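# Inside the fold
Single-letter residue listing:
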Amino acid sequence: MTIFEKIIAREIPARIVYETDEFLAFHDVNPQAPVHVLIVPKHVIPRIAAASADDAALLGRMLVASGEVAKKLGVAESGYRLVINNGPDAGETVPHLHMHLLGGRDLTWPPG
């Protein structure tokens, strides 16, 4: 079981900011910006490269919900970044697809 599965099962506490039947959004324990939330599907998809056509609707709903999360956290107007890492070279540390929502400061480009 990944740490995200344990958070979803409420075995590990998290500061949850948004939840649906399909996914959960909670504050990252190691924030890289003043607002750093992870949006995680409850159905395990190991990484974006492992997603299938059957996952497309869920992933679309996660993207749409990111706007609601950004509004709730006060960064929708000033701007925010969505990041999905795929594989160790990209910084993936948990094999459970998740989207980072970062905001609350000027985010430089390119990242990394």
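The present account deals with the structure reproduced in this document. (Residues numbered from 1 in each chain as written. Predicted model: local features only at pLDDT ≥ 70, side-chain atom pairs only at ≥ 80, totals over all residues. Heavy atoms only, no water.)

## Section: the pairing of strand β3 (residues 35–41)
Sheet faces and side chains relate simply in a regular strand, where the side chains alternate between the two faces. Most of β3 sits inside the fold, with 7 of its 7 residues counted as buried. Burial of the side chains of β3 extends over both faces: Val35, Val37, Ile39 and Pro41 are buried on one face and His36, Leu38 and Val40 on the other. Pairing between strand β2 (residues 23–27) and β3: 5 bridges, direction antiparallel. For Ala25, the partnering residue across the bridge sits in β3 and is Ile39. (Buried < 20%, exposed > 50% of the residue type's maximum accessible area, 1.4 Å probe, protein only. Helix = DSSP H or I, 4+ residues; strand = E, 2+ residues; numbered from the N terminus. Pairing = 2+ DSSP bridges.)

## Focus: the nonpolar core
Counting 17 residues, the largest nonpolar core has Phe23, Ala25, Val37, Ile39, Met62, Val69 and Leu101 as the members making the most contacts within it. Elements represented by at least two residues in this core include exactly β2, β3, α2 (56–72) and β5 (99–103). When residues of this core are assigned to their parent elements, the largest contribution, 6 residues, is made by α2. Not counting residues within four places of it along the chain, the set of residues in contact with Met62 comprises Phe23, Ile39, Val40, Pro41, Leu97 and Met99. Counting 8 residues, the second largest nonpolar core, distinct from the first, contains Leu24, Phe26, Leu38 and Val40. (Core = buried A, V, L, I, M, F, W, Y, C linked by side-chain atoms within 4.5 Å. Contact = heavy atoms within 4.5 Å.)

## So, the pairing of β2
Across the 5 residues of β2, 5 count as buried, placing the element largely inside the fold. Bridge count between strand β1 (residues 16–19) and β2: 3 bridges; the pairing is antiparallel. Each residue of the ladder has a partner; that of Glu19, found in β2, is Leu24. Connecting β1 to the antiparallel partner β2 that follows it, the hairpin turn spans 3 residues.

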